[in-house]
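# A look at the structure
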Amino acid sequence: MSQPPGAQGSTSAPEKWTPRLIFSLASIVLVLEMLAVSYMMISMALPAIAAHYQTTQGAWLLTSFLLLGAVTAPLIGKLADMYGKRKMLLACIVGAALGSFISAIAGSYSVLIAGRALTGLLVPCLFLSYSLIRDVFPAKTIALAVSIATSGMGLIAIPAPFLTGWLIDNHGFRSIFWFFVIGLAVLAVMIFVSTSESQVRLRSRLDFLGAALLGAGIAGILIGISFGPTWGWKSGSTLAYLLGGVALVVAWLVTAGTVKEPLIDLKVLSRRSVAFTATAAGFMYGVSGLYTMLLPMLAMTPAIMGLGYGFGVDAEGFAVFQAPIGALTVIGGLIVGMLVGRNVKPRLLLALGAASAALGCTLTAYSHDTKGLLIVFAGLVGLGMGLGYASIPNLLIEAVPPQLQASTASIVGVFQSVFPAALPVIAFTVMNNSHIAPIPLEMTQGVVFYTDSGFKVAFLIAAAASVACLAAALLLPKRIEQVKVPAAQASGEPAMATAD
């Protein structure tokens, strides 16, 4: 395959956008759109799926996706640094397509969950995408390309409810999985023909023990967090998963400090530039997950309930709230891409994004009974998300060399998975304990409604997480010095290194 513009090895890589480069970026963006829409589409199809298989274990269908993605991320990141980021990106896309195919033809609910778990290989595609862009795109396009890829994920959320409703109503819930099979297969071909493989390699051995310990530890923590509200926080199952997961992560930390070539170098993770980027990323994605979960619940509550909030909109009517979030997320990403390309520090843009999200969450907490104002406040959160999403990979590009990009970004990806799982659990635990509206369940057909003060507390929890993200951003060093890789472990240079 001929090398596209900006491919490794070309010392005359063009410094401008070309049709092939645009096609390559569009292919990557569409893969990440599939990741962004996956959780939403399955959530909407869940009632039909649960009814078909006569199961009450619908939560596993959502958890299995996130679980496998987070558990495999560190190993996939290491393999990408060692053998090629494009190879691993394509492998994850093909694996996710296979998982969707298994779900589409599943004759039992357990097989459906197995397929859905395999589709979780879409999760590592986020860090693999911007790691690959760093290596094969021309230097002057990288900041903007990375920002578009990571913040453009919000656009698909606008048409997704309409598409999902049409598919389910006309073709049944299995059409959702066939949509992913076909879409991912096409996107794999698009990336194969448009995007080169990185020539950057890390000479290292695989730390299988470390991968097993860290993966199992992450799995235990995520399962404990996800099912703690159902099982009870004091139940033996919850405590076993949580404490066991923590113990395994501690064991991984011990082994990583003793083996010669660990899965992730702890010296890299302990640097302020990496540790606080990962922390800020976790809180930013946690805010996004919690806010976008609370907002539709609030807006779809019928005003006739007399709870002091709610507009009674349906899934399609909610688009008026979702549109500004998606649009301003993209705008925030474009701002980061253009300003970082003009030497503005992503640290400052991340802080600005956290401040915008904190302001939007706080205003929502205290005023959510007027549709126009709520849309404006949601837009502030969307702008903060876009600035944050795009700043995080640009910070990692500053902090680590290309040979360590994917493996380091994979740990940041774990934070981006665990925090969005934990923050809603915290918020809903508080709401369920003290803020359930005193309405008989027979009047609501079993649906739980929350008091106005409950939503206030939940949005303030999101605001607090935004402030924590802001603090992490401000604690980043003003001048980031990139980690050095021993010459014996480094092979190849990215295209950006050859550009003037």
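Notes on the structure follow. (Residues numbered from 1 in each chain as written. Predicted model: local features only at pLDDT ≥ 70, side-chain atom pairs only at ≥ 80, totals over all residues. Heavy atoms only, no water.)

### Some details on the overall build of the chain
So the rule is basically this: We count a stretch as a helix when DSSP gives it H or I for four or more residues in a row; a strand needs E for two or more, and each element gets its number in order from the N terminus. Only protein chains enter the accessibility calculation, which uses a 1.4 Å probe. A residue is then buried if its area is under 20% of the maximum for its type, exposed if over 50%, and partly exposed in between. Any two residues whose heavy atoms approach within 4.5 Å at even a single point are treated as in contact. In this charge count, Lys and Arg are treated as positive and Asp and Glu as negative; neither His nor the chain ends contribute. Every charge is mapped onto a representative atom, which is NZ of Lys, CZ of Arg, CG of Asp or CD of Glu.
Regarding its fold elements, the chain presents 18 helices and two strands. Taking the principal axes of its C-alpha atoms as reference, the chain extends roughly 70 × 45 × 45 Å. Burial statistics for the chain: of 500 residues in total, 56% are counted as buried. Taking as baseline every contact in the chain between residues at least 6 positions apart, the subset at least 24 positions apart corresponds to 81%. Averaging the locations of the 26 positively and 18 negatively charged side chains of the chain gives two centres separated by 9 Å.

### So, the packing of helix α5 (residues 125–136) against helix α16 (residues 405–434)
Definition in use: Fitting a line to C-alpha atoms yields each axis, with helices limited to the stretch in contact; the angle taken between N-to-C directions then spans 0 to 180 degrees. Any angle that is under 35 degrees is reported as roughly parallel, and any over 145 degrees as roughly antiparallel; angles of 65 to 115 degrees are reported as roughly perpendicular and all others as oblique. Crossing handedness: left-handed means the near helix sits turned counterclockwise from the far one by under a right angle, and right-handed means the same turn made clockwise.
Their axes nearest at 9 Å, the elements α5 and α16 cross at an angle of 150°. As judged from the angle between their axes, α5 and α16 are roughly antiparallel. Our pair here, α5 against α16, has a crossing hand that is right-handed. For the pair α5 and α16, the contacting residues are Leu126, Phe127, Tyr130, Ser131 and Arg134 in the first and Gln405, Ala406, Ala409, Ser410 and Gln416 in the second.

### Re helix α4 (residues 109–119)
Those residues of α4 not exposed but buried are Tyr109, Leu112, Ile113, Gly115, Arg116, Ala117 and Thr119. Of the surrounding secondary structure, the elements contacted by the buried residues of α4 are α1 (19–53), α2 (58–83), α3 (85–105) and α8 (174–194).

### Re helix α9 (residues 208–231)
Rules: Helix span, expected: 1.5 Å multiplied by one less than the number of residues in the helix. What is called the bend at a residue is the angle between a pair of axes, fitted to the seven residues leading up to and ending at it and to the seven starting from it.
Helix length check: α9, at 24 residues, gives a terminal C-alpha distance of 32 Å against a target of 34 Å (1.5 Å per residue), a fit within 8%. Its maximal kink placed at Ile225, α9 deviates by approximately 35°, while the proline Pro229 follows within four residues. Following α9 by one or two positions, Gly232 adopts a phi angle in the positive range, close to 100°.

### Remarks on the side chain of Thr364
Within the secondary structure, Thr364 sits in helix α14 (residues 346–366). Under the relative-accessibility criterion, Thr364 is labelled buried at 0%. Those residues within four positions of Thr364 in sequence are excluded, and the remaining contacts are Tyr291, Leu374, Phe377 and Phe459.

### Concerning the pattern of salt bridges
So the rule is basically this: Salt bridges are defined as contacts in which a side-chain nitrogen from Lys or Arg sits within 4 Å of a carboxyl oxygen from Asp or Glu.
This structure, assessed with the given rule, holds four salt bridges. Among the salt bridges present, the one from Lys87 reaches Glu197, with a minimum N-O distance of 3.7 Å. A residue pair is termed long-range when its members are at least 10 positions apart, and Lys87 in helix α3 and Glu197 in the loop between α8 and β1 (201–202) qualify at 110 residues. Lys87 sits in the partly exposed class, given a relative accessible area of 47%. A relative accessible area of 10% means that Glu197 is categorised as buried. Among the salt bridges present, the one from Lys345 reaches Glu398, with a minimum N-O distance of 3.8 Å. Taken together, the residues span a long stretch of sequence, with Lys345 in the loop between α13 (319–340) and α14 and Glu398 in helix α15 (residues 371–399) at a distance of 53 residues. Judged by relative accessible area, Lys345 falls into the partly exposed class, the value being 38%.

### Remarks on the packing of aromatic side chains
Each aromatic ring pair is characterised by the separation of its centres together with the angle its planes make. Basically, it comes down to this: Ring geometry is summarised as follows: Phe, Tyr and Trp rings, the Trp one being its six-membered ring, pair when their centres sit within 6.5 Å, and such pairs are stacked at plane angles under 30 degrees, edge-to-face over 60 and tilted between the two.
What the rule picks out here adds up to 18 aromatic pairs. Three or more aromatic residues joined by ring pairs form one cluster here, namely Tyr291, Tyr309, Phe428, Tyr450, Phe455 and Phe459.

### Notes on the environment of Met338
Position of Met338 relative to the elements: it lies in helix α13. Judged by its relative accessible area of 43%, Met338 falls in the partly exposed class. For Met338 and Thr141, which are 197 residues apart along the polypeptide, the C-alpha to C-alpha distance reads 9.5 Å.

### Here we look at the nonpolar core
The test is simple: Among buried residues, the Ala, Val, Leu, Ile, Met, Phe, Trp, Tyr and Cys ones that are joined through side-chain atoms within 4.5 Å form a nonpolar core.
One finds Ile49 and Tyr291 to be the most contacted residues of the largest nonpolar core, which totals 147 residues. Counting residues per element, this core draws most heavily on α1, at 15 residues. If we skip the residues at most four places from it in the chain, Ile49 touches Leu61, Tyr109, Leu112, Phe173 and Phe177. Within the second largest apolar cluster, six residues are counted, among which are Val336, Leu349, Leu387 and Ala390.

### Focus on unusual backbone geometry
Its identity as a non-glycine residue notwithstanding, Gln54 has a phi of 50°, on the positive side. Tracing the chain through its elements places Gln54 in the loop between α1 and α2. Judged by its relative accessible area of 76%, Gln54 is exposed. A positive phi angle, close to 70°, is found at Asn343, a residue other than glycine. Along the chain, the position of Asn343 falls in the loop between α13 and α14.

### Brief notes about the layout of surface pockets
Over the atoms rolls a probe the size of a water molecule, and in doing so it shows where empty space is left. Definition in use: A pocket, in this scheme, is an open set of points on a 1 Å grid over the protein atoms alone with protein on both sides within 12 Å along at least 5 of 7 lines, while a cavity is a set where a 1.4 Å probe fits but cannot get out; residues line either one if an atom lies within 4 Å of a point. Grid points are joined across faces, edges and corners, and a volume is the space filled by probe spheres set on the points.
Within this model, the second largest pocket holds a volume of roughly 590 Å³. Around the second largest pocket, the lining comprises 24 residues; the ones closest to its centre are Ala139, Ala143, Val340, Gly341 and Asn343. Counting residues per element, the ones that place at least two in the lining of the second largest pocket are α6 (139–151), α13 and α15. Considering each element in turn, the lining of the second largest pocket owes the most residues, six residues, to α6.

### Points about a nonpolar patch on the surface
Where we set the bar: Patches here: salt-bridge-free residues with over 30% relative accessible area, like charges joined within 9 Å, nonpolar side chains (Val, Leu, Ile, Met, Phe, Trp, Tyr) joined within 5 Å. All accessibility values rest on the Shrake-Rupley procedure with a 1.4 Å probe; residue burial counts only the protein chains present in the view.
Among the surface-exposed residues, Leu98, Phe101, Ile105, Trp178, Ile182 and Val186 lie close enough to one another that they form a single nonpolar patch of about 560 Å² accessible area. Its location among the elements puts Ile182 in helix α8.

### Considerations on the state of the cysteines
The following threshold applies: The disulfide criterion is simple: two cysteine sulfur atoms within 2.5 Å.
Following the criterion strictly, the structure yields zero disulfides and no others. Left without a disulfide partner, Cys125 is nearest to the cysteine sulfur of Cys92, which lies 5.0 Å away. Residue Cys125 is classed as buried on the basis of its relative accessible area of 0%. The structure places no disulfide on Cys469, whose sulfur is separated from the nearest cysteine sulfur, that of Cys361, by 11 Å.

### Focus: the side chain of Ser129
By the element assignment, Ser129 lies in helix α5. On the basis of relative accessibility, which here comes to 1%, the residue Ser129 falls in the buried class. When neighbours within four sequence positions are excluded, Ser129 is seen to be in contact with Ile28, Leu32 and Leu89.

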